[in-house]
Amino acid sequence: NKSDPVPDHIYDIRKSLVENNVITHQEMKECSTRFISQLEKYLPIPTKDNIRIKRCHYVNHCPICNYLREEQVEKVMNPYRQFLLDNGGKNILMTFKLRHNQKSSLKHLQKVLKDSIKKLKDDNVWKRRLFPSKYRLYVMTEYEISWSEENGFHPHCHLQIGTTNPMPPDEIQTILSKEWRR
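What comes next is a walk through the structure. (Residues numbered from 1 in each chain as written. Predicted model: local features only at pLDDT ≥ 70, side-chain atom pairs only at ≥ 80, totals over all residues. Heavy atoms only, no water.)

1. Concerning the overall build of the chain
Then, number 1: For the chain, the count of helices and strands is 6 helices and 5 strands.
Then, number 2: When its C-alpha atoms are laid out on the principal axes, the chain stretches across 55 × 45 × 20 Å.
Then, number 3: Classification of the 182 residues of the chain by burial places 34% in the buried group.
Then, number 4: Look at the contacts in the chain between residues 6 or more apart in sequence, and 61% of them connect residues 24 or more apart.
Then, number 5: Total accessible area on the chain is roughly 12,400 Å²; 51% of this is exposed by carbon and sulfur atoms. (Helix = DSSP H or I, 4+ residues; strand = E, 2+ residues; numbered from the N terminus. Buried < 20%, exposed > 50% of the residue type's maximum accessible area, 1.4 Å probe, protein only. Contact = heavy atoms within 4.5 Å. Areas by Shrake-Rupley, 256 points an atom, 1.4 Å probe, with all protein chains shown as cover.)

2. Concerning the nonpolar core
Then, number 1: Core analysis: the largest hydrophobic core is formed by 20 residues, its most contacted members being Leu130 and Leu176.
Then, number 2: Of all elements in the fold, only β3 (90-97), α4 (106-122), α5 (124-130), β5 (152-163) and α6 (169-181) reach the threshold of two or more residues within this core.
Then, number 3: Setting aside residues up to four positions removed in sequence, leucine 130 forms contacts with Val125, Tyr135, Thr163, Asn165, Met167, Ile172, Ile175 and Leu176.
Then, number 4: In terms of nonpolar packing, the next biggest core, distinct from the first, is built from 13 residues, Ile10, Ile23, Met28 and Leu68 among them. (Core = buried A, V, L, I, M, F, W, Y, C linked by side-chain atoms within 4.5 Å.)

3. Considerations on the environment of threonine 141
Then, number 1: Within the secondary structure, threonine 141 sits in strand β4 (residues 136-148).
Then, number 2: Residue class for threonine 141 comes out partly exposed when judged on its relative accessible area of 28%.
Then, number 3: A C-alpha to C-alpha distance of 7.0 Å links threonine 141 and cysteine 157, two positions 16 residues apart in sequence.
Then, number 4: A polar atom in the side chain of threonine 141 sits 2.5 Å from the side chain of lysine 121. (Polar contact = N/O pair within 3.5 Å; in protein donor to acceptor, adjacent residues only side chain to side chain.)

4. Topic: a positive patch on the surface
Then, number 1: A contiguous patch of positive charge on the surface is contributed by Arg99, Arg129, Lys178 and Arg181.
Then, number 2: Secondary-structure assignment places arginine 99 in the loop between β3 and α4.
Then, number 3: With relative accessibility at 77%, the residue arginine 99 sits in the exposed group. (Patch = residues over 30% accessible without salt bridge, like charges linked within 9 Å, V, L, I, M, F, W, Y side chains within 5 Å. Salt bridge = Lys/Arg side-chain N within 4 Å of Asp/Glu carboxyl O. Lys, Arg positive; Asp, Glu negative; His and termini not counted. Charge placed at Lys NZ, Arg CZ, Asp CG, Glu CD.)

5. Overview of the packing of helix α1 (residues 8-19) against helix α3 (residues 63-86)
Then, number 1: Between α1 and α3, the least distance of the axes is 8 Å, while the angle of their chain directions is 145°. Of α3, the residues touching α1 (which contributes Ile10, Tyr11, Ile13, Arg14 and Leu17) are Pro63, Ile64 and Tyr67.
Then, number 2: Its residues placed into classes, the contact of α1 with α3 shows 7 nonpolar, no polar and 1 charged. (Axes fitted to C-alpha atoms, helices over the stretch in contact; angles between N-to-C directions. Nonpolar A, V, L, I, M, F, W, Y, C, P; charged D, E, K, R; others polar.)

This is how it looks when you write it as structure tokens:
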């Protein structure tokens, strides 16, 4: 479908996840497989009959809806990011991962990661020293899951921090790395 902004490789990922019973929820399995008569906010060009692709909107589980949500967030974030960079600010990208063994359940790992990121952001080092509100324009938090037969699930978190903190990025990363290991 020419008006569908989702690239083919995202559909291939969803197809593989369905075939391998990773995606089992019926609504997610049917995401983008049929059309309905309603406006879809992600499709900028409404058709004559307002026919749209039916999405499941499970952005944390469905690769198609996740892709659409990420595109929407990027579109909103880009002007802020560019303003910050044009005015001497920094866009710091950091990845946080967990040490774990293959026997750890995905649900457990996701909970530990989410709780750990929340604890990091609530810490005084984060809130008062590195990113007090006077230095922080935005924090974009994105959780991802990698998987391989050899290592199993590997949830991790990417943080994108827009800041005007004069501290060098390497020093910020060193301080955050110490806090993360605690």
